[in-house]
Number of protein chains: 2
Amino acid sequence: MSDRVYNFSAGPAVLPEPVLRDAQRDIWDIEGSGVGILEHSHRGKVFDGVIERAEADCRAIGSIPDNYRVLFLQGGASSQFFMVPANLLPDGATADYINTGSWSAKAIKEARLYGTVHVAASSEDDNFAFIPTPDQTRCSPNPVYVHFTSNNTIFGTQFRQAPDTPDGAFLVCDASSDIFSRRIDVSRYGLIYAGAQKNLGPAGVTLVILREDLLERPARELPTMLRYSTHAQKGSRYNTPPSFGIYLMGRVFRWILDQGGLDAIERRNRAKAQVLYDVLDGSGFWHPTAQVESRSMMNVCFRTPGEDLDRAFVEAAAREGFMSLKGHRSVGGMRASIYNAFPPEGCDALARFMRDFEARHG
Amino acid sequence: MSDRVYNFSAGPAVLPEPVLRDAQRDIWDIEGSGVGILEHSHRGKVFDGVIERAEADCRAIGSIPDNYRVLFLQGGASSQFFMVPANLLPDGATADYINTGSWSAKAIKEARLYGTVHVAASSEDDNFAFIPTPDQTRCSPNPVYVHFTSNNTIFGTQFRQAPDTPDGAFLVCDASSDIFSRRIDVSRYGLIYAGAQKNLGPAGVTLVILREDLLERPARELPTMLRYSTHAQKGSRYNTPPSFGIYLMGRVFRWILDQGGLDAIERRNRAKAQVLYDVLDGSGFWHPTAQVESRSMMNVCFRTPGEDLDRAFVEAAAREGFMSLKGHRSVGGMRASIYNAFPPEGCDALARFMRDFEARHG
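(A) Spotlight on the overall build of chain A. Helices and strands together make up the secondary structure of chain A, namely nine helices and 14 strands. Whereas a compact globule of 362 residues would reach a radius of gyration of roughly 21 Å, chain A reaches 21 Å, a difference of no more than 12%. If you line up chain A on its principal axes, its C-alpha atoms span 60 × 60 × 30 Å. Relative to its full complement of 362 residues, chain A shows a buried share of 54%. Of all intrachain contacts in chain A linking residues separated by at least 6 positions in sequence, the fraction that spans at least 24 positions is 67%.

Listed below in structure tokens is the structure:
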């Protein structure tokens, strides 16, 4: 029996319990080495095995082509907001960005330090309640790349498929909140980045998958640590990497493979979200905030008929062991974050609780 | 009884066992919250307590004055190599650097991207076997700051006291490998930085202590994540911080206080190093590589009479449970890294092993 609650945190978020059990053991002594995972040299044999296995499993999960590099960096997606244009957007060139919420807006702000940003589409006028369709997206004539945020944690929206790009442009994706939650065709992208703390592991490690040829055209001179080429040449070990984060991400990768890989994970995530959306669509009591065709499988955002009732819901839920359901202040209401590691039975239990709550207050 | 070995790794390095035991428990469920430390929101009450306590304990240990900020950043000392000049060295201005080894040299290289570097002293001609004295140090007339590396892991040297600075210049210190290993007068510094993975915690979190007034004179426009002011204004939570690293660093801080603070830690470290230097000085068999007056309390570097014997020593030691004693390739021989958390009985045991080895091979 677990004394753990259902944790709907938007990130850092719940991790698979078998991974936590492994970590508890390996912090003391990993692989009978007599040394814990936190204390191993990042250049020793034990960590060689950890990082090599993590990369191999990552490649297996995403069917990542050989001409892509897998990097484990620090600084979160917030650092990628500037590292992408710093490395890839030359002075005077243009990059296209699709603005679907706070994270896109921050990425746009940092890119403007380096080049021209063309906002190819935005859902800002509708408080980011939808994902712009291809028809609503107008790219510039010759962008270096097109950047989008595949899932928007705050507004509970998610791209169904990656946007189109003009000829010659490559696609850049901030996939922090839905990486490896569903199948992905990596070959369509130039660069994918994701902070680990939602679907992949702990805060403090960032996965970057990038096409090898992009390393050959640095946009400008940069400090050593800010160049993708530094980390690619040194296998993410130019300096001491966040070794525990890489270890834990590797364990999560193995857990994803154990679940059956992305086909199985996507089915599982789809079913989890459906359980909650079925409740929301089942009566007029609930007000899901994202438009139907843009709904996220990762973050289910909704309101009751009033703010007082929203508060009562969050408090009553917490008493029953459903934690961190309060929505982000810019949307209000509730948000159930149900990333990969969130258990299906937690969605079932929340759905029952919601129906009970509606019966009492509807 | 512990199944753990004596781990002389130069970093990531051994951690206090009570801290590891706490982490094993808290990874599953911290403070009865039903959620593990890795899975808590960085904006929730549990993590509020973790980061506030970590900062308070850090301030208590270092007697850090109120006009200094304590930041928990990512990217290691290698990122501070460029963040220091990027934030603090205006175009056309000069910074002085003391070159005492590989880490100083890397810091110098990054600073040259932003301003003029004057090397005020260097021990490079003697393979960095000593720390330049004040007499050997020639500062430029008007540097913005003077930068030094307080302890040199590779060469086993350590400053006895911080260098002097010309009027108007502030002191910057890379203290990655000896932070909080001895008393420190923070008020003498403008900025101190330290990657955690030697004396403070796991890889992936960097402690930065800086004087508040330095936040008010940014040298240039920088991306949001690269500005010290961003992290100072947001209490190290502008974006998701490396929350587990901060948690663990906080536990190490508490352990340091439990040991009696820096007075006690310094006595303990001094005694630990003395045990090994006594063996090295006790016969002509051993060749300590650092000059006597520059010897480090953290990294004890030495050779036997020959390279074959060095190899035999490292192998025989490993069989007896003394791990990671091989020296860095640029010095050769052996290196015993004995940071704060390395237990005194490990130094005693190694000293016995060294005497036995000498008796067999001397």
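(B) Quick peek at the relation of the copies chain B and chain A. Superposing chain B onto chain A takes a rotation of 180° plus a shift of 0.0 Å along the axis, which leaves an RMSD of 0.0 Å. Between the two chains, the operation in question is that of a two-fold axis. Of every C-alpha in chain B, the one belonging to Q24 of chain B sits nearest the axis of rotation, 2.3 Å from it. The residues that chain B uses at the interface reappear at the interface of chain A in 100% of cases, marking a shared surface.

(C) Structural view of the pairing of strand β8 (residues 170-174) of chain A. All names here are of chain A. For strand β5 (residues 145-149) and β8, the ladder comprises five bridges, and the chain directions are parallel. Looking at the pairing, V146 lines up with L171 of β8. As paired strands, β8 and strand β9 (residues 191-195) are joined by three bridges and run parallel to one another. Each bridged residue has a counterpart across the sheet, and for C173 the counterpart in β9 is I192.

(D) Inspection of the interface of chain B and chain A at higher detail. Across the boundary between the two partners, chain B contributes 50 residues, which contact 50 residues of chain A. Where the side of chain B that touches chain A is concerned, the elements lending two or more residues are α1 (17-26), α3 (76-88) and α6 (243-259) of chain B. A per-element tally of the side of chain B that touches chain A places α3 of chain B first, with four residues.

(E) Region of the structure containing the sheet that holds strand β11 (residues 287-288) of chain B. All names here are of chain B. Read across the sheet, three strands follow the order β11-β12-β14 without closing on themselves; strand pairing throughout is antiparallel. Both edges of this open sheet fall to β11 and β14 (334-337), since each of them pairs with a single strand only. In terms of strand pairing, strand β12 (residues 299-303) meets β14 through four bridges, oriented antiparallel. In the sheet register, N299 faces β14, and the bridge partner there is S337. Lying over the sheet, helix α7 (residues 261-281) contacts β11, β12 and β14, oriented at roughly 15° with respect to β12.

(F) Structural detail: the domain arrangement of chain A. Residue and element names in this part refer to chain A. When the domains of chain A are assigned, the result is domain 1 (17-258) and domain 2 (260-361). For domain 1 and domain 2, the distance between their C-alpha centres works out to 27 Å. Listed by contribution, the elements that provide at least two residues to the side of domain 1 that touches domain 2 are β7 (157-158) and α6 (243-259). Class assignment of the residues belonging to the side of domain 1 that touches domain 2 gives a composition of nine nonpolar, eight polar and four charged.

(G) View of the sheet that holds strand β4 (residues 116-122) of chain A. Residues and elements named next belong to chain A. If you walk across this open sheet you meet the seven strands as β2-β10-β9-β8-β5-β3-β4, and the pairing is mixed. On the outer flanks of this sheet lie β2 (68-73) and β4, each paired with one strand and no other. Pairwise comparison of adjacent strand axes, ignoring direction, gives a mean angle of 15° for this sheet. Pairing of strand β3 (residues 94-99) with β5 involves two bridges; the strand directions are parallel. Each bridged residue has a counterpart across the sheet, and for Y97 the counterpart in β5 is H147.

(H) Broad picture of the packing of α3 of chain B against helix α4 (residues 102-111) of chain B. Residues and elements named next belong to chain B. Taken N-terminus to C-terminus, the directions of α3 and α4 make an angle of 40°; their axes are 8 Å apart at the nearest point. If you check the angle between α3 and α4, you find them oblique. Note on packing geometry: the crossing formed by α3 with α4 is right-handed. On α4, the residues touching A77, S78, F81, F82 and P85 of α3 are W103, K106, A107, E110 and A111. Its residues assigned to classes, the contact of α3 with α4 shows seven nonpolar, one polar and two charged.

(I) A look at the packing of α6 of chain B against α7 of chain B. Residues and elements named next belong to chain B. Two elements in contact, α6 and α7, have axes whose closest approach is 7 Å; the angle formed by their N-to-C orientations is 80°. Taken together, the axis directions place α6 and α7 in an arrangement best described as roughly perpendicular. Note on element contacts: α7 touches α6 through G261, A264 and I265, opposite I256, L257 and Q259. Of the residues assigned to the contact of α6 with α7, the class counts are four nonpolar, two polar and no charged.

About the criteria used
Residues numbered from 1 in each chain as written. Chains lettered and ligands numbered in written order. Predicted model: local features only at pLDDT ≥ 70, side-chain atom pairs only at ≥ 80, totals over all residues. Helix = DSSP H or I, 4+ residues; strand = E, 2+ residues; numbered from the N terminus. Rg over C-alpha atoms; globule rule 2.2 N^0.38 Å. Buried ≥ 20, exposed ≤ 12 C-beta atoms within 10 Å, placed from the backbone. Contact = placed C-beta atoms within 7 Å. Least-squares fit on C-alpha atoms with pLDDT ≥ 70 in both. Pairing = 2+ DSSP bridges. Axes fitted to C-alpha atoms, helices over the stretch in contact; angles between N-to-C directions. Domains from an automatic or database assignment. Nonpolar A, V, L, I, M, F, W, Y, C, P; charged D, E, K, R; others polar. Parallel < 35°, antiparallel > 145°, perpendicular 65-115°, else oblique. Left-handed = near helix turned anticlockwise from the far one by under 90°.

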